[in-house]
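Understanding the architecture of this molecule
Residue strings, one per chain:
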Amino acid sequence: VSVPVGLKRYLFAVAVFTLANSTDMFLLLKLKASGVAVAWIPSLWAALHVVKVLSAAYWGPVADRFGRRNSVILGWVLYGAVYCGLGLSTRLSFVLPIFLLYGVFFGLTEGPEKALVADLTPESSRGTGYGLFHLTQGIGALPASLLFGALWKAVSPQSAFMVSGILAWVAAVMLPWAVRE
């Protein structure tokens with residue numbers, strides 16, 4: 001199956017972002033390390049998902065006007081800011097709002113990322129396009145978490161968050177090249 005050049009470039013940027021996007025378990029470990037009692041972590045996780053749902057409901061129609069690519073760029077930039085913020089923050093009063101802001105990242109990106117696949121793939125091969133998109137994310141998930149965990153253990157949790165944030169920003173800078181208007 002022939003894969004359009006635009007989709008290949010987009011998937012390359014997605015692969016770079018995926019290396020920044022380790023398992024969310026590290027976020028929960030950050031909450032615990034910041035002083036959140038283990039009993040409160042499920043409630044905070046639920047609150048994050050409320051933010052995620054509300055931001056997705058709000059942002060979907062806005063992304064259609066703002067542009068899918070622009071929405072993903074904004075989301076990846078926000079992801080980078082959240083991760084760098086978590087890397088730099090040690091006080092619970094900063095960690096909690098940054099953690100909840102992470103939910104907005106999903107609202108900015110989940111729908112538009114998939115819509116870009118549709119935009120870049122001919123209708124006759126959209127199933128292939130979506131399969132390649134999810135394959136790219138799936139293949140990158142394990143190395144992303146291994147990299148984050150190795151940095152967390154060998155250097156510091158702060159460095160792991162900072163490297164992930166910077167990788168997300170690199171992917172955001174790549175996206176205008178990968179997906180042209």
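Preceding this section is the structure that the text describes.
Residues numbered from 1 in each chain as written. Predicted model: local features only at pLDDT ≥ 70, side-chain atom pairs only at ≥ 80, totals over all residues. Heavy atoms only, no water.

1. Quick look at the overall build of the chain
In terms of regular secondary structure, the chain is built from 7 helices and 0 strands. Secondary structure elements in the chain, listed N-terminal to C-terminal, are α-α-α-α-α-α-α. Seen through its principal axes, the chain has C-alpha atoms that stretch 50 × 35 × 25 Å. Counting over 181 residues, the chain shows a buried share of 46%. A separation threshold of at least 6 residues defines the contact pool for the chain, and within that pool the share at least 24 residues apart is 81%. For the chain, the exposed area adds up to about 8,900 Å²; of that, 71% sits on carbon and sulfur atoms. Seen as two clouds, the 13 positive and the 7 negative side-chain charges of the chain have centres 10 Å apart. (Helix = DSSP H or I, 4+ residues; strand = E, 2+ residues; numbered from the N terminus. Buried < 20%, exposed > 50% of the residue type's maximum accessible area, 1.4 Å probe, protein only. Contact = heavy atoms within 4.5 Å. Areas by Shrake-Rupley, 256 points an atom, 1.4 Å probe, with all protein chains shown as cover. Lys, Arg positive; Asp, Glu negative; His and termini not counted. Charge placed at Lys NZ, Arg CZ, Asp CG, Glu CD.)

2. Some thoughts on the side chain of serine 34
Tracing the sequence through the fold places serine 34 in the loop between helix H2 (25-33) and helix H3 (41-66). On the accessibility criterion, serine 34 (13% relative accessible area) is buried. Aside from chain neighbours lying at most four places away, what touches serine 34 is Thr90, Leu92 and Val95.

3. Overview of the packing of aromatic side chains
Taken as a whole and judged by the stated rule, the model has 20 aromatic pairs. Ring plane angle 35° and centroid distance 5.6 Å describe the contact between phenylalanine 26 and tryptophan 152, whose orientation is recorded as tilted. With a gap of 126 residues between them, phenylalanine 26 in helix H2 and tryptophan 152 in helix H6 (residues 126-154) connect regions that are remote in the sequence. For phenylalanine 26, a relative accessible area of 12% gives the class buried. Note on tyrosine 102 and phenylalanine 105: the rings are 5.6 Å apart at their centroids and 15° apart in plane angle, and the pair reads as stacked. Taken as a pair, tyrosine 102 and phenylalanine 105 lie in helix H5 (residues 92-120) at a separation of 3 residues, close to a single helical turn. Grouped by ring-pair contacts, the aromatic residues Phe17, Phe26, Trp76, Tyr79, Tyr83, Tyr102, Phe105, Phe106, Phe148, Trp152 and Phe161 constitute a single cluster. Lying across the ring of tryptophan 177, arginine 9 places its NZ or CZ 5.9 Å from the centre. Positioned above the aromatic ring of phenylalanine 106, the side-chain terminus of lysine 52 is 4.4 Å from the ring centre. (Phe/Tyr/Trp six-rings, centres within 6.5 Å; stacked < 30°, edge-to-face > 60°. Lys NZ or Arg CZ within 6 Å of the ring centre and 35° of its normal.)

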